[in-house]
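The primary structure of each chain is shown beneath.
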Amino acid sequence: LIDSARWGESSKEPPALVRDLQTAVVRRRKMRLTYRGRSGPPSQRLVEPWGLVDKDDVWYLVAGTPKGQRTFRIDRIAEAVLTDEPAERPDDFQLAQVWQEIVAEMEQRRSLIQATVLIEGRFVYVLQSHYGRHCEVLDAMEDGRVRVRVASHMARSIAEQLAGWGKAV
């Protein structure tokens with residue numbers, strides 16, 4: 001059960017394709033996908049659907065492929081056809097655990113560049129709110145400032161976010 005509607009909003013329906021993929025996961029049937037990556041022409045893929053995840057209103061399919069486990073954004077699937085071919089799912093497959101690993105890998109990719117900054121302790125929560133898991137409090141200084149490490153995928157991104165702080169950071 002996923003209830004992605006905010007309080008007072010109408011409930012949101014998942015993309016129509018999600019139902020077809022759910023059928024494939026439950027019935028353990030392979031799907032033939034036409035998938036549009038970030039670049040290049042769409043490709044044909046025969047996959048073994050293992051599980052579906054809704055992360056912040058973006059749906060993902062975790063599937064087995066000839067090249068191993070892959071994650072597909074549902075909004076990039078142009079077409080999905082259920083086949084009669086049986087799909088195998090690893091006996092020890094746990095979607096929640098696998099998803100945590102996928103998230104950890106993506107977050108690591110998104111935080112390759114780090115900066116250590118000094119900021120007044122009373123403002124640390126603002127950096128934590130903005131950077132989330134990419135903000136680590138290192139230690140407090142005697143003058144009330146706090147040493148904090150922030151991270152992002154590009155140095156420019158960190159610079160843009162911190163520039164508005166002026167001499168406060």
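All of the points below concern the structure found in this document. Here the structure is a predicted model, which is why all the values come from computation and not from measurement.

Time to look at the side chain of Glu48. One can find Glu48 in strand β2 (residues 43-55). Despite its burial, Glu48 remains without a salt bridge, the nearest opposite charge being carried by Lys30 at 4.2 Å. Setting aside its immediate chain neighbours within four residues, Glu48 contacts Lys30, Val62, Ala63, Gly64, Pro86, Ala87 and Glu88.

In this section: the packing of helix α3 (residues 124-131) against helix α4 (residues 155-163). For the pair α3 and α4, interaxial distance at closest approach is 12 Å and the crossing angle is 140°. Viewed along their axes, α3 and α4 adopt a mutual orientation that is oblique. Like other packed secondary-structure pairs, α3 and α4 cross with a definite hand, here right-handed. Residues Leu127, His130 and Tyr131 of α3 form the contact with α4, whose participating residues are Ile158, Gln161 and Leu162. Grouping the constituent residues of the contact of α3 with α4 by class yields four nonpolar, two polar and no charged.

Taken in spatial order, the three strands of this open sheet run β6-β8-β7, and their pairing is antiparallel. A single partner strand is all that each edge strand has here, and the edge strands are β6 (113-120) and β7 (135-140). The sheet shows a mean angle of 25° between the axes of neighbouring strands, direction not considered. α3 contacts β6, β7 and β8 (145-152) of the sheet and is inclined by roughly 10° relative to β8.

Strand order in the open sheet formed by five strands is β4-β3-β2-β1-β5, with antiparallel pairing between adjacent strands. In this open sheet, the two strands that pair with only one neighbour each are β4 (68-73) and β5 (77-86). Each strand of the sheet is rotated relative to its neighbour by a mean of 45°, with strand direction disregarded. Where β2 and strand β3 (residues 58-65) come together, seven bridges link them in antiparallel fashion. Bridge pairing links Gly51 to Val62 in β3. Lying over the sheet, helix α1 (residues 16-27) contacts β1 (29-35), β2, β3 and β5, oriented at roughly 95° with respect to β2. In this fold helix α2 (residues 95-109) packs onto β2, β3 and β4, with an angle of close to 100° to the strand it touches most, β2.

Another point: the layout of surface pockets. One number sums up the size of the largest pocket: a volume of about 740 Å³. Along the wall of the largest pocket there are 20 residues; nearest its centre are Arg38, Tyr60, Thr71, Met106 and Arg109. When contributions to the lining of the largest pocket are tallied by element, the ones reaching two or more residues are β2, β4 and α2. Per element, the largest residue contribution to the lining of the largest pocket is seven residues, and it comes from α2. Tallied by class, residues from the lining of the largest pocket come to seven nonpolar, three polar and 10 charged.

The rules we used
Residues numbered from 1 in each chain as written. Predicted model: local features only at pLDDT ≥ 70, side-chain atom pairs only at ≥ 80, totals over all residues. Heavy atoms only, no water. Helix = DSSP H or I, 4+ residues; strand = E, 2+ residues; numbered from the N terminus. Buried < 20%, exposed > 50% of the residue type's maximum accessible area, 1.4 Å probe, protein only. Lys, Arg positive; Asp, Glu negative; His and termini not counted. Salt bridge = Lys/Arg side-chain N within 4 Å of Asp/Glu carboxyl O. Contact = heavy atoms within 4.5 Å. Axes fitted to C-alpha atoms, helices over the stretch in contact; angles between N-to-C directions. Parallel < 35°, antiparallel > 145°, perpendicular 65-115°, else oblique. Left-handed = near helix turned anticlockwise from the far one by under 90°. Nonpolar A, V, L, I, M, F, W, Y, C, P; charged D, E, K, R; others polar. Pairing = 2+ DSSP bridges. 1 Å grid on protein atoms, 1.4 Å probe; cavity = no way out; pocket = protein on both sides within 12 Å on 5 of 7 lines; lining within 4 Å. Points joined across faces, edges and corners; volume = space filled by probe spheres on them.

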